[in-house]
Amino acid sequence: MTTFHIRPGTEVVEALRDGRPVVALESTIVSHGLPRPDNLRVARQIEQTVRDAGAVPATIGMVGGELVVGLDDTELTRLATVDGVAKLSVRDLAVAAATGADGATTVAATSAVAAAVGIGVFATGGLGGVHREAAQTFDESADLVTLARTPITVVCAGVKSILDVGATLERLETLGVGVVGYRTRRFPGFYLTDSGFDLDWSVDSPEQVAAVLAAREQHGVHGGGLIVANPLPVDEQLDPALHDRTLAEGLARLGRDGVTGKAVTPFLLAHFHSATEGASLAVNVRIILRNADLAARIAVAAAPRPAA
Ligand code: PSU
Ligand code: MN
């Protein structure tokens, strides 16, 4: 009988064993969220940003059915460049493993796998959430329900602006997922600095996030996730008029091309990247790198032992 253990990379094993800071990174953004050939370059840059801030990066993905925490460069290259890499949510992991698939893990799957191996901090771009037509389609990302039951801190620039942000915030409240702004009381809008929605809580430093995590653990009451919402500075956001125009076009195309289900998010992101002639890509990359840096500083502040 084949065995299906999660395989942590050597560096990740050692860091976790020694109580040094580790940051989980997702691979869906690499395989499905960013266009080639930029995706591989950006994936490496994200890892380097985590290292520069003193933590060990652990990009999570599936290679030939093996679930890897801390892909090496050959594996990362494979997920960034080969065709047919599946988009894996939590429910897909076992099927993909049993069938020997290559797969990229979403925020949901990355969070679940990271928590399973004892990684507490994760950086991404923007979370999935409630889609705008959800009242008809029921399309709500599994990111939300997974964060309800997974003890992980996700650093992101809010939820993707292609979504129904208000409905997503309501669902996060219902599901008991903590949401704090990083030096802001406004929920970020991914490509945009401000989604237009208020937040109840704001934290000022990585140390304060570490204190939240310590309190949660010592209380032993809240077993779910914490979202640290890190907005882009206003002068780095996508031009709001360009954003709104591109989004309206993208949503119209969805309907016209009959795109549904898990293809919706990659379709809209690809539309943004081509319709803005790279402007949204540059913004998306800035978002991820800033989040990787903050996540690493949180992991450093929360780690039992400092980085080597
Ligand atoms: N954020 C990005 N780019 C992405 C995603 C997030 O900047 O590609 C991915 C994440 O992996 C997230 C997924 O989990 O989109 C959401 O997909 P869906 O809406 O189908 O759940
Ligand atoms: Mn969906």
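See the structure above.
Now for a description of the structure that goes with this document. All values reported here derive from a predicted model rather than from experimental measurement.

Cut-offs applied
Residues numbered from 1 in each chain as written. Chains lettered and ligands numbered in written order. Predicted model: local features only at pLDDT ≥ 70, side-chain atom pairs only at ≥ 80, totals over all residues. Heavy atoms only, no water. Near = heavy atom within 4 Å. Polar contact = N/O pair within 3.5 Å; in protein donor to acceptor, adjacent residues only side chain to side chain. Areas by Shrake-Rupley, 256 points an atom, 1.4 Å probe, with all protein chains shown as cover. Helix = DSSP H or I, 4+ residues; strand = E, 2+ residues; numbered from the N terminus. Nonpolar A, V, L, I, M, F, W, Y, C, P; charged D, E, K, R; others polar. 1 Å grid on protein atoms, 1.4 Å probe; cavity = no way out; pocket = protein on both sides within 12 Å on 5 of 7 lines; lining within 4 Å. Points joined across faces, edges and corners; volume = space filled by probe spheres on them. Salt bridge = Lys/Arg side-chain N within 4 Å of Asp/Glu carboxyl O. Buried < 20%, exposed > 50% of the residue type's maximum accessible area, 1.4 Å probe, protein only. Contact = heavy atoms within 4.5 Å.

**Notes on the site of ligand 1**
No. 1: Taken together, 17 residues are adjacent to ligand 1, and E26, K87, V107, S141 and T265 come closest.
No. 2: One nitrogen or oxygen atom from the main chain of G126 is found 2.9 Å from a nitrogen atom belonging to ligand 1.
No. 3: Here an oxygen atom of ligand 1 sits 3.3 Å away from a polar atom, N or O, in the side chain of K160.
No. 4: Contact with the protein chains hides 95% of the accessible area of ligand 1, taken as 480 Å² for the molecule alone.
No. 5: Listing elements by their share of the shell around ligand 1, those giving two or more residues are α2 (28-33) and α12 (264-275).
No. 6: For the shell around ligand 1, the element with the highest residue contribution is α2, accounting for 3 residues.
No. 7: Tallied by class, residues from the shell around ligand 1 come to 4 nonpolar, 9 polar and 4 charged.

**Some remarks on empty space enclosed by the protein**
No. 1: Throughout the structure, instances matching the rule amount to 1 cavity of 30 Å³ or more.
No. 2: In this structure, the largest cavity occupies an estimated 70 Å³ of space.
No. 3: L25, E26, I29, V30, A43, I46, T59, A123, T124 and I288 together form the lining of the largest cavity.
No. 4: Tallied by class, the residues present in the lining of the largest cavity amount to 7 nonpolar, 2 polar and 1 charged.

**Quick notes on the pattern of salt bridges**
Pairing between side chains becomes possible if they bear opposite charge and their charged atoms approach one another.
No. 1: Tallied over the entire structure, the rule returns 16 salt bridges.
No. 2: With its nearest N and O atoms 2.7 Å apart, the salt bridge here joins E75 to R7. One end of the pair, E75, is in helix α4 (residues 73-81); the other, R7, is in strand β1 (residues 7-8), with 68 residues separating them in the sequence.
No. 3: What makes R7 partly exposed here is its relative accessible area of 28%.
No. 4: Where R44 meets D73, a salt bridge forms, and the shortest distance between an N and an O atom there is 2.8 Å. On the criterion of sequence distance, the pair formed by R44 in helix α3 (residues 38-52) and D73 in helix α4 is long-range, its members being 29 residues apart.

**Side note on the layout of surface pockets**
No. 1: Here the largest pocket is characterised by a volume of approximately 700 Å³.
No. 2: Lining the largest pocket are 35 residues, with K87, T106, S141, A142 and K262 sitting closest to its centre.
No. 3: Elements with a contribution of two residues or more to the lining of the largest pocket: α2, β5 (86-88), α8 (142-148) and α12.

**Points about the side chain of E26**
No. 1: Mapped onto the fold, E26 is located in the loop between β2 (22-25) and α2.
No. 2: Among the polar contacts listed, one links the side chain of E26 to the backbone nitrogen of T28, at a separation of 3.4 Å.
No. 3: Within the structure, E26 has its side chain in polar contact with the backbone nitrogen of I29 (distance 3.2 Å).
No. 4: With residues up to four places along the chain from it excluded, the contact list for E26 reads T59, I60, T105, T106, V107, T110, F122, A123 and T124.

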